[in-house]
Amino acid sequence: MPFPPGSKLPAIAQAVRYVRAPLGFLSQLQRRHGDIFSVSFPYFGKVVYVADPALVKAVFTGSPEQFHAGEANATVLEPALGPNSVLTLDDAPHMQQRKLLLPPFHGERIERYGELMREVTLREMESWPVGEPFALRRHTQRITLAVIMRAVFGVHDEERLARFEVLIETFASRVNAITAFPRRSEVESGEEGHDDVLSLLLSARHDDGSPMSDEELRDELVTVLGAGHETTATALAWAMERLLRTPRALQALRESLAAGEDDYLDATIKETLRARPVIVDVARKLTAPASIGGYELPAGTFVMPAIAAMHYREDLFPNPEEFRPERFLGGKPDTYVWIPFGGGVRRCIGAAFAEYEMRIVLRAILERAELSAPDPKPEKVKVRNITLAPGKGTLVSLARPLC
């Protein structure tokens, strides 16, 4: 059987449509062609999207040796992240790196950063102008960068943080931005007793007892900096953009926070990541033929669980265009329906860290600042590198000095 149905437009025309309206593009194709469809892109050729929980599960739980995520990611990310990144590796090397990276981003270690996250947010808020529109995303980027630099490198010096801010901005705008990182001998962290991520990775050991190489450290640290900082900053900006255009939800959240409750805050974060996922899809590249959704797909095919299309299915999320945190009250979302962090053995390592940071930062902002949107119209989704960002950077205005 041939490839799944899809648009017959030229590849360049499909790419233009994707860039102009990434969320709507995939949702429309799903509604028109069904739960499995194809898209043609320049360079990548014909790729296959799946937008059904059962098919997403089949991809996420398929053999990692057959569904290569690292190889798929490397086509875009390796020039920036390097060949040793957990995002660009597959099979045993991927699992080894993942095993080393997991401990710093889970459980009690994350909670240690809570006060740091709040302090950084409150300090950054002091720079917000009163009565003058400004792009909030720029400030959430500064917050998440400061957090990640302190949490990852243990860097607290403001001058060094300013230097890193320039480097990371360059990294976000050019795919080959960071080509070298400090060698092990030049690193200032890693001393005994430190709990930053770099120190933990310096003390980590592979199964054979060997430490991470300089190249491995460089690639993983760039991955954490580039991927973790940018995506969380964008998600925070989207959360405020959606709340400011949904007064009912904003009021409900403020009342919940005033009562000392977290349920509505957690639901708001999940609804933000549903309605405005930071990435539009996740990729796997077949190393061997696979049968998916009744189609026999050849080796080399890119198979993409379509996050955007899944999150906008009417049968899974009624009235998907509405921002309704209530969808996520009273239970966990289905693993193969709500997929902003991907899934399976490749689920984002920093997912728990990102949600925790969003919780701390949003609470701090809403407790101290009265923000409004100068333009009541929703901000358009803009493709920025590989992320989906608010078109105007979440333009806001601070009504009065901070509480």
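Keep in mind it's a predicted model, so treat the numbers as computed, not measured.

A.B. asks: Just checking my understanding: could you explain the overall build of the protein chain for this structure?
C.D. replies: A tally of helices and strands in the protein chain yields 15 helices and twelve strands. Relative to its length of 403 residues, the protein chain is compact, with a C-alpha radius of gyration of 21 Å against a globular reference of 22 Å. Counting only C-alpha atoms, the protein chain reaches 65 × 55 × 40 Å along its principal axes. For the protein chain, buried positions account for 54% of its 403 residues. Carbon and sulfur atoms provide 54% of the accessible area of the protein chain, an area that totals close to 17,700 Å². Computed over 48 positive and 54 negative side-chain charges, the separation of the two mean positions in the protein chain equals 6 Å.

A.B. asks: Would you mind showing me how to read the confidence of the model for the protein chain here?
C.D. replies: Caution applies to low-pLDDT regions: their predicted coordinates should not be interpreted in detail. When pLDDT is averaged across the protein chain, the result is 88; 91% of the residues are at 70 or more. Confidence drops under pLDDT 50 across residues 174-186; counting only partners more than four residues distant or on other chains, this segment forms 27 contacts. In this model, residues 188-193 is a region of pLDDT below 50 whose contacts with residues beyond four sequence positions or in other chains number ten contacts.

A.B. asks: Quick question: what am I supposed to make of the packing of helix α13 (residues 263-275) against helix α15 (residues 351-368) here?
C.D. replies: In a packed pair of helices, the relevant descriptors are the angle between the two axes and the axis-to-axis distance. Relative orientation of the contacting elements α13 and α15 amounts to 115°, with a least axis distance of 10 Å. Between α13 and α15 lies a crossing whose hand is right-handed. Residues Leu265, Asp266, Ile269 and Lys270 of α13 lie in contact with α15, whose contacting residues are Glu355, Met358, Arg359, Leu362 and Arg363. The class makeup of the residues in the contact of α13 with α15 is four nonpolar, no polar and five charged.

A.B. asks: I tried to follow the pattern of salt bridges on my own but got confused; where do I start?
C.D. replies: The final tally for this structure, using the stated rule, is 24 salt bridges. As a salt-bridge pair, arginine 242 and glutamate 241 come within 2.6 Å of each other at their nearest N and O atoms. Here the two residues arginine 242 and glutamate 241 agree in accessibility, since each one is buried. As a salt-bridge pair, arginine 327 and glutamate 271 come within 3.0 Å of each other at their nearest N and O atoms. Taken together, the residues span a long stretch of sequence, with arginine 327 in the loop between α14 (307-311) and α15 and glutamate 271 in helix α13 at a distance of 56 residues. A single network of salt bridges, built from pairs that share partners, joins Asp35, Asp52, Arg313 and Asp315.

A.B. asks: It is not clear to me how the nonpolar core should be interpreted in this structure. Could you clarify?
C.D. replies: In globular proteins that are soluble, nonpolar side chains generally tend to be buried together. Ranked by internal contacts, the top residues of the largest apolar core, which has 114 residues, are Leu26, Tyr49, Trp128, Met240, Ile292, Phe353 and Leu371. When residues no more than four places from it in sequence are discounted, the contact partners of tyrosine 49 are Leu26, Asp35, Ile36, Phe37, Val39, Phe41, Asp281, Met304 and Ala306.

A.B. asks: How should I be thinking about the packing of aromatic side chains in this particular structure?
C.D. replies: The geometry of an aromatic ring pair is captured by two quantities: the separation of the ring centres and the angle between the planes. A full pass over the atoms with the stated rule returns eleven aromatic pairs. Ring geometry for phenylalanine 60 and tyrosine 336: centres 6.5 Å apart, planes at 35°, overall tilted. Of this pair, phenylalanine 60 sits in helix α3 (residues 53-60) while tyrosine 336 sits in the loop between α14 and α15, and the two are 276 residues apart along the sequence. Residue classification places phenylalanine 60 among the buried residues on the basis of a relative accessible area of 5%. Of the aromatic side chains, those joined through ring pairs into one cluster are Phe317, Phe328, Trp338 and Phe341. A cation over an aromatic ring shows up here: arginine 274 above the ring of tyrosine 312, its NZ or CZ 5.4 Å from the ring centre. The ring centre of tryptophan 238 lies 5.2 Å from the NZ or CZ of arginine 276, which sits over that ring.

A.B. asks: What is the right way to read unusual backbone geometry from this model?
C.D. replies: Glycine aside, a negative phi is what most residues show, and trans is what most peptide bonds show. A positive phi angle, close to 55°, is found at aspartate 91, a residue other than glycine. Inspection of the secondary structure puts aspartate 91 in helix α5 (residues 91-101). Overall, aspartate 91 belongs to the partly exposed group, its relative accessible area being 30%. Phi angles above zero are rare outside glycine, and threonine 394 is one such case at about 60°. Its location among the elements puts threonine 394 in the loop between β11 (387-390) and β12 (395-398). With a relative accessible area of 0%, threonine 394 lands in the buried category.

A.B. asks: Got a minute to help me understand the sheet that holds β12 in this structure?
C.D. replies: As a general point, the strands of a sheet are linked pairwise by backbone hydrogen bonds and lie either parallel or antiparallel. Strand order in this open sheet of three strands is β4-β12-β9, and the pairing throughout is antiparallel. The strands lining the two open edges of the sheet, one partner per strand, are β4 (134-135) and β9 (371-372). Note: β4 against β12, two bridges, orientation antiparallel. Paired with phenylalanine 134 across the strands is valine 396, a residue of β12.

Conventions we followed
- Residues numbered from 1 in each chain as written.
- Predicted model: local features only at pLDDT ≥ 70, side-chain atom pairs only at ≥ 80, totals over all residues.
- Heavy atoms only, no water.
- Helix = DSSP H or I, 4+ residues; strand = E, 2+ residues; numbered from the N terminus.
- Rg over C-alpha atoms; globule rule 2.2 N^0.38 Å.
- Buried < 20%, exposed > 50% of the residue type's maximum accessible area, 1.4 Å probe, protein only.
- Areas by Shrake-Rupley, 256 points an atom, 1.4 Å probe, with all protein chains shown as cover.
- Lys, Arg positive; Asp, Glu negative; His and termini not counted.
- Charge placed at Lys NZ, Arg CZ, Asp CG, Glu CD.
- pLDDT = per-residue confidence, 0-100.
- Contact = heavy atoms within 4.5 Å.
- Axes fitted to C-alpha atoms, helices over the stretch in contact; angles between N-to-C directions.
- Left-handed = near helix turned anticlockwise from the far one by under 90°.
- Nonpolar A, V, L, I, M, F, W, Y, C, P; charged D, E, K, R; others polar.
- Salt bridge = Lys/Arg side-chain N within 4 Å of Asp/Glu carboxyl O.
- Core = buried A, V, L, I, M, F, W, Y, C linked by side-chain atoms within 4.5 Å.
- Phe/Tyr/Trp six-rings, centres within 6.5 Å; stacked < 30°, edge-to-face > 60°.
- Lys NZ or Arg CZ within 6 Å of the ring centre and 35° of its normal.
- Pairing = 2+ DSSP bridges.

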